[in-house]
Amino acid sequence: MTSLLPENLIASSRHPGEVKAHGTMVVECTCLKGGFRDDGAFLVFEGAVEVRLADGGRDCAGRVEVKQQGQWGTVCGNYWDMNDAAVVCKQLGCGSAVGAPQYGHFGPGSGPIWMDDVGCNGTESALSDCKHRGWGEHACIHAFDAGVTCSEYTGFRLVNGSTACAGRVEVQVLGTWGTVCASHWDLLDAHVLCRQLNCGFAESVPGGEHFGRGTGPVWRESFHCDGTEAHLGQCPVITLGASPCSHGNNAAVVCAAGFASLRLVGGGSRCDGRVEIFQNGTWGRVLDDQWDMQEASVVCRQLRCGEAGTAYNPPKPERGTGPVGLRGVRCAGHEASLALCNTSLPESAPAAGVAEDVGVICWGSRRVRLVNGSRRCAGRVEIYYQGIWGTVCDDGWDLSDAAVVCHQLGCGGAVEAAGSAQFGKGSGQIWLDGVNCSGAEAALWDCSARPWGQHDCGHKEDAGVICSEFMALRLENSDGCSGRLQVFYNGTWGSICSNLMTLDTVSLACKELGCGDGGSLETRLPYGSVSGPTWLDNMQCGEKTSSFWQCPSAPWNPQSCEDPQEEIHITCNGNSEPPGHASVVGVIARGAAKAPSPGPHCLCMAVDRPVTSGSYQHRVDGVTKHPSSKSSSSSMFSGVKSQGLKPFKDIGLDLGVTIQCLVTGPVTSCKT
């Protein structure tokens, strides 16, 4: 078999961890069937190999492992993304991908690292069909092993309706069909399901037994979609504290299937964006040279998005590239659908370049969200208006205002109206100031306030909320990763009772807290009388439960147990580093491209999350060297939100030595 590139080829490389000498390197060609990707480094291989997920607590989540030459090994997280994860989930029959953690999220594996620099496009039937370096070829360590989290939901359907786009919601969980409880089911969830089923958008969510009683299990999970997700499997799911549900309270939806022939793409909601029309089995662009509010009004009316706010031609980067469905649209403004307007087909259109893509912003596009909270239902308040996200000023901000936001987001009541940018400063627009709600309004923009965009505030006054459905976890009386397990709910920390508690629950709690993947359970410790509520009892996490928040339990009750000896204390097997710690690996290379100064440099690869600061230590050849040592320079980590490579200043090491930076904070990049 011949080499894919000439033996003497000298080329640059974008791969992390490879040594460069004076800006050039020799590309080593592996003589295997396939070819290089356009950046000259990836090989294509044929033939499916076996894949499994390990240490994820269930079949459809965990560290990715592949079997090659009769031996199981891991996959490096370099360039690992949702397209790669989607192929793994598909190959395992685990539904859609909802997470693609890169850097040892499910713990380091062992044995060979079989794949590196995987590059799937998402359509492959097996991971081994994707591009990668070559079997066993890598620049990686097991701390960077790739992982996958797949949706447990393998099917969605509507049953007992008069059409395929109306009925009782049924979800298939790993092969078993069941109904969904209606207690938290709302229009945002329904919009996502209708779009997923190619049924347009949700018209209504009838309750009770509107489409008859279901059979089989009633799933207690509650979906919490924001309406922009591509399918229900991408929405956050909460089971903890949910009340039992019966077949008399099934979730249902009536989709506006007849309106599926029109959609808006590229916006921040289903009610703003570039207009596309569905004809002859294909979505096509709508082009016009005199697009105005009359046409926009028809589009907004057809999509049940309220009145039209803006008619526009998208800028060049946002224009479509596919086929044209309509060109030249003239509406009077009262038509029920765009197809009833005076239109011309593409072949009878004027000369190319005269007509442009068209877009609309409807009043129904307005949205509210909470940003910078550790979980849903708490954070800085932001409003999507006229296609732009902006904040709310805290002048006069109180619990009545916060209550409207919490109710609008399905987050229960308000427990705190936060001001003074408690959840960080926003940027850009400040949309509302002087908000004054009664508390009964359906949406924040229904409250009295100064006109849109008029304010006398800075972002240091951005408003926030904490809602009653906001949940968090902690260890009270904690020494590192040991203490009394408590959950935050309805604005108060409370304990968890020990009835039915198992080590599976302890494991998920430790993972949530960033304290390892398991631990021990203790009760009857001398903490004294119970102070505050005891929120939960009868937690029943199983081996296949993917998250602490998805464990079934008894309903929320502030008096779940009264005996302090029933409160649980756990000791996790991890260290006391805060959640979000990460390992960063680099290679010293003399004369690296674009180096800030001559001499050896470390290329630190960034990971998971943005930060403000962090500390570090170097581990070289098994010896840990702290920043204060003579062989390493003093340095800080910046809050640059990037996952690229950053140069790291001379630390007095020899050319080609690999170092590992252990970061005690969620760091994304290095700064000299």
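Predicted model only: the values in this text are computed from it and were never measured. (Residues numbered from 1 in each chain as written. Predicted model: local features only at pLDDT ≥ 70, side-chain atom pairs only at ≥ 80, totals over all residues. Heavy atoms only, no water.)

Q: For helix H2 (residues 187–196), give the residues involved together with the corresponding values.
A: Looking only at H2, the buried set comprises Asp189, Ala190, His191, Val192, Leu193 and Cys194. Here the buried face of H2 lies against strand E11 (153–160), strand E12 (166–173), strand E14 (202–204), strand E16 (222–223) and strand E18 (252–255). Where H2 begins, the capping side chain belongs to Asp186, and its oxygen is found 3.2 Å from the backbone nitrogen of Leu188. Residue Asn198 follows H2 closely and has a positive phi angle near 60 degrees. (Buried < 20%, exposed > 50% of the residue type's maximum accessible area, 1.4 Å probe, protein only. Helix = DSSP H or I, 4+ residues; strand = E, 2+ residues; numbered from the N terminus. Contact = heavy atoms within 4.5 Å. Polar contact = N/O pair within 3.5 Å; in protein donor to acceptor, adjacent residues only side chain to side chain.)

Q: Before we move on, can you summarise the packing of aromatic side chains with the specific residues and values?
A: For the structure shown, the criterion picks out 13 aromatic pairs. Aromatic pair Trp363 and Tyr385: ring centres 5.8 Å apart, planes at 45 degrees, arrangement tilted. Of this pair, Trp363 sits in the loop between strand E26 (359–362) and strand E27 (367–371) while Tyr385 sits in strand E28 (residues 378–385); the two residues are 22 residues apart in sequence, bridging distant segments of the chain. Exposure remark for Trp363: the relative accessible area of 31% places this residue in the partly exposed category. Given the relative accessible area of 11%, Tyr385 is considered buried. Ring geometry for Phe488 against Trp493: centres 5.3 Å apart, planes inclined by 65 degrees, an arrangement best described as edge-to-face. Look at Phe488 and you get buried, because its relative accessible area is 13%. Exposure remark for Trp493: the relative accessible area of 26% places this residue in the partly exposed category. Among the aromatic residues, those joined into a ring-pair cluster are Trp363, Tyr385, Trp431 and Trp452. Taking the ring centre of Trp72 as reference, the NZ or CZ of Arg52 above it sits at 4.0 Å. (Phe/Tyr/Trp six-rings, centres within 6.5 Å; stacked < 30°, edge-to-face > 60°. Lys NZ or Arg CZ within 6 Å of the ring centre and 35° of its normal.)

Q: Provide a residue-level description of the state of the cysteines, including the pertinent values.
A: On inspection of all chains with the given rule, the structure shows 18 disulfides. Residue Cys120 pairs covalently with Cys130 via a disulfide, S to S 2.1 Å. Across the disulfide from Cys120 to Cys130, rotation about the S-S bond amounts to roughly 105 degrees, and the bridge is consequently right-handed. Note that Cys120 is positioned in the loop between strand E8 (113–115) and strand E9 (131–132) and Cys130 in the loop between E8 and E9, a separation of 10 residues in sequence. Accessibility expressed as a relative area gives 0% for Cys130, which makes it buried. What pairs with Cys194 in a disulfide is Cys255, and their sulfur atoms sit 2.0 Å apart. (Disulfide = S-S within 2.5 Å.)

Q: So what about the nonpolar core? Which residues, and what values?
A: Val381, Ile383, Val392, Trp397, Leu444 and Val465 are the most contacted members of the largest nonpolar core, which has 31 residues in total. Those elements that provide at least two residues to this core are E27, E28, helix H4 (399–408), strand E31 (429–432) and strand E32 (464–467). For Val392, the contacting residues outside a window of four places in its chain are Val381, Ile383, Trp397, Leu432, Val435, Leu444, Glu461, Asp462 and Ala463. Counting residues in each nonpolar core, the second largest holds 28 residues, with Met471, Met501, Cys515 and Cys551 among its members. (Core = buried A, V, L, I, M, F, W, Y, C linked by side-chain atoms within 4.5 Å.)

Q: Outline the environment of Gly387, supporting the account with residue identities and numerical values.
A: Looking at the element boundaries, Gly387 is found in the loop between E28 and strand E29 (388–392). For the pair Gly387 and Gly273, spaced 114 residues apart in sequence, the C-alpha separation works out to 8.3 Å. Excluding residues within four positions of it along the chain, Gly387 makes contact with Asp272 and Ile361.

Q: Got a sec to walk through the pairing of E26? Specific residues and values, please.
A: Alternating residues of E26 divide into Gly359 and Ile361 and Val360 and Cys362, and every residue in both groups is buried. Across 3 bridges, the pairing between strand E20 (residues 272–279) and E26 is antiparallel. Bridge pairing in E26 places Arg274 opposite Gly359. Bridge count for strand E22 (residues 308–312) against E26 is 4 bridges, and the pairing is antiparallel. Bridging from a neighbouring strand, Ala308 pairs with Cys362 of E26. (Pairing = 2+ DSSP bridges.)

Q: Can you tell me about the side chain of Glu170, naming the residues and giving the values?
A: With respect to the helices and strands, the residue Glu170 is situated in strand E12. A polar atom in the side chain of Glu170 sits 2.8 Å from the side chain of Arg157. Side chain to side chain, Glu170 and Arg168 meet in a polar contact 3.2 Å long. Each residue touching Glu170, except ones within four places of it in the same chain, is listed here: Gly155, Phe156, Arg157, Val159, Trp177, Gly178 and Thr179.

Q: How would you explain the confidence of the model for the chain if you had to name every residue and give the values?
A: Of the residues in the chain, 74% reach a pLDDT of 70 or more, and the chain-wide mean stands at 74. The weakest mean pLDDT in the chain belongs to strand E1 (residues 10–11) at 22; the strongest belongs to E31 at 95. Throughout residues 348–353 the model reports pLDDT below 50, and contacts reaching past four residues in sequence, or to other chains, amount to 2 contacts. Residue range residues 576–672 is modelled with pLDDT below 50. Its contacts to residues more than four positions away, or to other chains, number 212 contacts. (pLDDT = per-residue confidence, 0-100.)

Q: I'd like to hear about the pattern of salt bridges, residue by residue, with values.
A: The tally for this structure, following the rule as stated, stands at 22 salt bridges. Ionic pairing is found between Arg285 and Asp357, a salt bridge with its closest N-O pair at 2.9 Å. Residue Arg285 is found in strand E21 (residues 282–288), and its partner Asp357 is found in strand E25 (residues 356–357); the two are separated by 72 residues along the sequence. With respect to class, Arg285 is no different from Asp357; both count as buried. Counted as one network, the salt bridges with shared partners bring together Arg52, Asp55, Arg63 and Glu65. (Salt bridge = Lys/Arg side-chain N within 4 Å of Asp/Glu carboxyl O.)

Q: Hey, could you go over helix H5 (residues 503–513) for me, with residue numbers and the actual values?
A: If you check which residues of H5 are buried, you get Thr505, Val506, Ser507, Leu508, Ala509, Cys510 and Leu513. Tucked inside the fold, the buried residues of H5 contact strand E33 (472–476), strand E34 (482–489), strand E36 (519–522) and strand E38 (569–572). Downstream of H5 by a residue or two, Gly514 has a phi angle that is positive, lying close to 70 degrees.

Q: I'd love a proper account of the layout of surface pockets, names of residues and values included.
A: Roughly 560 Å³ of volume is contained in the second largest pocket. Lining the second largest pocket are 23 residues, with Arg195, Gly200, Arg263, Leu264 and Arg270 positioned closest to its centre. For the lining of the second largest pocket, the secondary-structure elements that each account for two or more residues are H2 and strand E19 (262–266). In terms of residue count, the dominant contributor to the lining of the second largest pocket is E19 (5 residues). In terms of residue class, the lining of the second largest pocket is built from 10 nonpolar, 9 polar and 4 charged. (1 Å grid on protein atoms, 1.4 Å probe; cavity = no way out; pocket = protein on both sides within 12 Å on 5 of 7 lines; lining within 4 Å. Points joined across faces, edges and corners; volume = space filled by probe spheres on them. Nonpolar A, V, L, I, M, F, W, Y, C, P; charged D, E, K, R; others polar.)

Q: Mind laying out unusual backbone geometry, listing which residues take part and the relevant values?
A: With a phi close to 70 degrees, Asn160 is a non-glycine residue in the positive phi region. Relative to the helices and strands, Asn160 is located in strand E11. A positive phi angle, close to 60 degrees, is found at Asn198, a residue other than glycine. Relative to the elements of secondary structure, Asn198 occurs in the loop between H2 and E14. Owing to a relative accessible area of 67%, Asn198 belongs among the exposed residues under this scheme.

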